[in-house]
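# Remarks on the overall topology
The primary structure of each chain is shown beneath.
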Amino acid sequence: MTNTMSNGVTKSELQWKVGLINSAGKYLTAESFGFKINVSGTSLKKKQTFILEQDSQEEVVYIKSHTGRYLSADKYGNVSCEAEEKDQTEKFVVEYDKHGSGRWSFKNVAHGNYLSGNEDNFKCFAKTVTETELWVVQLSIHPQVNLRNVNRKRYAHLKDEELQVTEIIPWGKEALIILHFDNGKYALKTYDNRFLNRDGSLSAELTNDSRFTLEMRSGANSGLAFKDCTGTYLTAVGATATMKGRNKTVSKDELFTLEDSNPQVILTSLANNKKVSIRQGVDVTANQDEAEDTNKEIFQMELVVPQTEDAPAKWGFRTVDNTYWTVEPLGGIQSTARDRSNPNTQFIVEWLGDGTIAIKSNKGQYIQSRQTGQLVSVSDAVTNKEKFYVKIINRPLLLLKNEHGFVGLKSSAKAEVQCSKTNYEIIYLESSNDGHYFIKGSNNKYWRLSEDASVVADGDTPVPFLLEPKGQSVLSIKAPNGCYLKGEHNGLFRAVGQELDASMLWEY
């Protein structure tokens, strides 16, 4: 699970990946060996990442480290991270700073004491909350998400200059929300870089009106609540379901969950240079010159079966009508399936390394585009009739992340690109018509490769890269030299990858 809540995860299983920062600015850290736990981390890496597991019955959380073990506290204030199972001593109640800083305190249910400490002196002994018992909670997730309201069961998207919670499926770039972390608080940012204010308006500047503190609710209704600077919580208001601060208490209306955003693509057949569409009905056909506002030419690629050593990944293609591609008995492709469970709705996507893909059905045959544009699964080999250009349309901005950190410029003065930055950096994506992409750094300069294959953002002319989705929100990037971009522990970001592995996969 990349983000907090993957599609299909029930509310009783909500988990939030976080870093916990104490009053001295240090991260809670679980060492990989010996169950040792301290508060000495200087940045949010793997050892500083914890999962807050919510309980479906009680308003409590469990704190699990990257080792898969839970924090527990005894009556003497000793804290350990050895428990493999959850019990009473692993239960914590979350309380929020009464002064509105957005910080949390964690009270052990069994003994009534609070977590606090610095360096190796980490205890659960305090009876009252002071500065040392307050923690900044930083979400350790990819910051581009879809935002779903628990009560309305709808997703937020940009419409009519507002964030409205009305979409059944989060569609297009308008449904992308960027979680912007700022000094212990969060702002919600649209794909075009505007912040949501508490009155529902959008602005280019980050102000107090666009900063929210996070609160978490467990029990029967689980989720996150966003509290504004006046003490009201974001909710969806009125017939347009416009997001704004309204109520001083939290109900299902004020609770949201976060989900990974699936890639949404436009496919163009090489056989006739037409875009694949369902505009004409249930038949999936390559017959359109342009992608129009109806979204009938956009398909969401959903990972159904992850790749293993023995078998390739399988994908479902979802339409804006909430149906899936399926193979009919004679091989035709129609958008009539209601779920992805049938093998006929699951496809293997082969990336051909030139900006095109071939799609193989469960029958073991490739999908071909006939002269009429009709798509049929009848081919045993890949020719131009079986090739499709792919354009990802719901990522005008890339925020690239791997286990070492975020991808961005080494400094404002240096154009070298590294992969170990603590905070996200916006990368601009321009798509071509032949499946390639041109990538710009935050300095508005194009990426290119230097002599040692490292990435530098100093170009005035575009250089083509290939983006290949490999999972629900994970992709690989192939550089002009034919190698994959690889991230290294010291922050090096170079096009040296030959055989694809985890170091070449990027959350996006």
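Residues numbered from 1 in each chain as written. Predicted model: local features only at pLDDT ≥ 70, side-chain atom pairs only at ≥ 80, totals over all residues. Heavy atoms only, no water.

### Points about the overall build of the protein
Applicable threshold: The way it works is that DSSP assigns letters per residue, a run of H or I at least four long becomes a helix, a run of E at least two long becomes a strand, and they are numbered from the N terminus. What the globule rule says is 2.2 Å times the number of residues to the power 0.38, and the radius of gyration is computed from C-alpha atoms. Each residue's exposure class comes from its accessible area (1.4 Å probe, protein chains only) as a fraction of the maximum for that residue type: buried when under 20%, exposed when over 50%, partly exposed otherwise. Should any heavy atoms of two residues lie within 4.5 Å, those residues are considered in contact. Per-residue accessibility takes into account occlusion by the displayed protein chains alone, with areas from the Shrake-Rupley method and a 1.4 Å probe. Residues scored as positive are Lys and Arg, those scored as negative are Asp and Glu, and His as well as the terminal groups of each chain are ignored. Every charge is mapped onto a representative atom, which is NZ of Lys, CZ of Arg, CG of Asp or CD of Glu.
Counting secondary structure elements, the protein contains zero helices and 49 strands. The C-alpha radius of gyration computed for the protein amounts to 24 Å, which stays within 12% of the reference 23 Å derived for 508 residues, consistent with globular compactness. Seen through its principal axes, the protein has C-alpha atoms that stretch 75 × 55 × 45 Å. Taking all 508 residues of the protein together, the buried fraction comes to 55%. Within the protein, contacts between residues at least 6 apart in sequence are counted, and of these 52% link residues at least 24 apart. Just so you have it, the protein exposes about 21300 Å², and 45% of that area is on carbon and sulfur atoms. Here the protein contributes 60 positive and 64 negative side-chain charges, whose respective centroids are spaced 2 Å apart.

### Remarks on the nonpolar core
The nonpolar side chains of soluble globular proteins are, as a tendency, buried together. We apply this condition: Take the buried residues of types Ala, Val, Leu, Ile, Met, Phe, Trp, Tyr and Cys, join any two whose side-chain atoms come within 4.5 Å, and each joined set is a nonpolar core.
Residues Leu-71, Phe-106, Leu-115 and Met-243 are the most contacted members of the largest nonpolar core, which totals 52 residues. Of the residues forming this core, the biggest block, three residues, is contributed by strand β1 (residues 15-21). Discounting chain neighbours no more than four positions away, the residues touching Leu-115 are Ile-63, Leu-71, Val-79, Phe-92, Phe-106, Phe-122, Lys-123, Cys-124, Thr-132, Glu-133 and Trp-135. Phe-299, Trp-325, Trp-351 and Leu-475 belong to the second-largest nonpolar core, a separate cluster that totals 49 residues.

### With respect to the UniProt feature "domain: Fascin-like" (unreviewed entry) in the protein
What counts here: UniProt positions are given in the numbering used here, feature names are shortened, and annotations may be inferred rather than shown by experiment.
With numbering matched to this structure, UniProt assigns "domain: Fascin-like" (unreviewed entry) to residues 25-136, 146-258, 272-389 and 412-508. Spanning residues 25-136, this segment combines 0% helix with 44% strand, and its end C-alpha atoms are found 9 Å apart. Annotation note: span residues 146-258, helix share 0%, strand share 49%, distance between end C-alpha atoms 6 Å.

### A short note on the environment of Ile-169
Mapped onto the fold, Ile-169 is located in the loop between β15 (162-167) and β16 (177-182). By relative accessible area, which is 7% here, Ile-169 ends up buried. Measuring from C-alpha to C-alpha, the distance between Ile-169 and Lys-153 comes to 9.9 Å, with 16 residues separating the pair along the chain. Every residue in contact with Ile-169, bar those within four places of it in the chain, is listed here: Tyr-155, Gln-300, Arg-318, Thr-319, Val-320 and Asn-322.

### Observations regarding the environment of Gly-482
Relative to the helices and strands, Gly-482 resides in the loop between β46 (474-478) and β47 (484-487). Separated by 89 residues in sequence, Gly-482 and Ile-393 have C-alpha atoms that sit 24 Å apart.

### Observations regarding the environment of Asp-289
The criterion, for reference: Under the rule applied, a polar contact is a pair of N or O atoms within 3.5 Å (in protein, one hydrogen donor and one hydrogen acceptor; residues adjacent in sequence only if both atoms are side-chain atoms).
Structurally, Asp-289 is set in the loop between β27 (285-288) and β28 (299-305). Residues Asp-289 and Val-109, spaced 180 residues apart in sequence, show a C-alpha to C-alpha distance of 62 Å. Apart from residues lying up to four places away in sequence, Asp-289 is in contact with Lys-274 and Lys-275. At 2.5 Å, the side chain of Asp-289 and the side chain of Lys-274 are in polar contact.

### A few points about unusual backbone geometry
Glycine aside, the phi torsion of most residues is negative, and most peptide linkages are trans. Backbone geometry places Lys-153, a non-glycine residue, at a positive phi of 55°. Residue Lys-153 is classed as partly exposed on the basis of its relative accessible area of 46%. A positive phi angle, close to 65°, is found at Asn-322, a residue other than glycine. Inspection of the secondary structure assignment puts Asn-322 in the loop between β29 (314-318) and β30 (324-327).

### Overview of the packing of aromatic side chains
Definition in use: Two rings from Phe, Tyr or Trp (for Trp, the six-membered ring) form a pair when their centres sit within 6.5 Å of each other. Planes less than 30 degrees apart are called stacked, planes more than 60 degrees apart edge-to-face, and all others tilted. Lysine NZ or arginine CZ positioned within 6 Å of the ring centre and within 35 degrees of the ring normal marks a charge as sitting over the ring.
Enumeration according to the criterion identifies 13 aromatic pairs in this entry. Relative to Phe-106, the ring of Trp-104 lies with its centre 6.2 Å away and its plane at 45°, an arrangement referred to as tilted. The same class applies to Trp-104 and to Phe-106, which are both buried. In this structure, Lys-86 packs its charged tip against the face of Tyr-62, placed 4.9 Å from the ring centre. Cation over ring: Lys-401 sits above Phe-406, and NZ or CZ is 5.9 Å from the ring centre.

### Brief notes about the pairing of β16
Rules: Pairs of strands are assigned from DSSP output, requiring at least two bridges between the strands.
Here two bridges tie strand β13 (residues 144-149) to β16, and the two strands are oriented antiparallel to one another. Within β16, the residue paired with Gln-144 across the bridge is Ile-178. Between β16 and strand β17 (residues 185-189), which pair antiparallel and follow one another directly, the connecting turn spans two residues, one of which, Asn-183, has a positive phi of 55°.

### Considerations on the pattern of salt bridges
Stated formally: Note on definitions: salt bridges are taken to be side-chain nitrogens of Lys or Arg within 4 Å of carboxyl oxygens of Asp or Glu.
Applying the stated criterion across every chain yields a total of 29 salt bridges. Residues Arg-194 and Glu-161 are paired through a salt bridge, measuring 2.6 Å at the closest nitrogen-oxygen approach. Residue Arg-194 is located in the loop between β17 and β18 (195-196), and its partner Glu-161 is located in the loop between β14 (154-159) and β15; the two are separated by 33 residues in the primary sequence. You can call Glu-161 exposed: its relative accessible area is 52%. Between Glu-488 and Arg-494 there is a salt bridge, with the nearest N and O atoms lying 2.9 Å from each other. A relative accessible area of 24% places Arg-494 in the partly exposed class.

### Considerations on the side chain of Asn-149
Along the chain, the position of Asn-149 falls in strand β13. Within polar-contact distance, the side chain of Asn-149 engages the backbone nitrogen of Asn-151 at 3.1 Å. Apart from residues lying up to four places away in sequence, Asn-149 is in contact with Arg-154, Val-165, Lys-252, Asp-253, Leu-255 and Phe-256.

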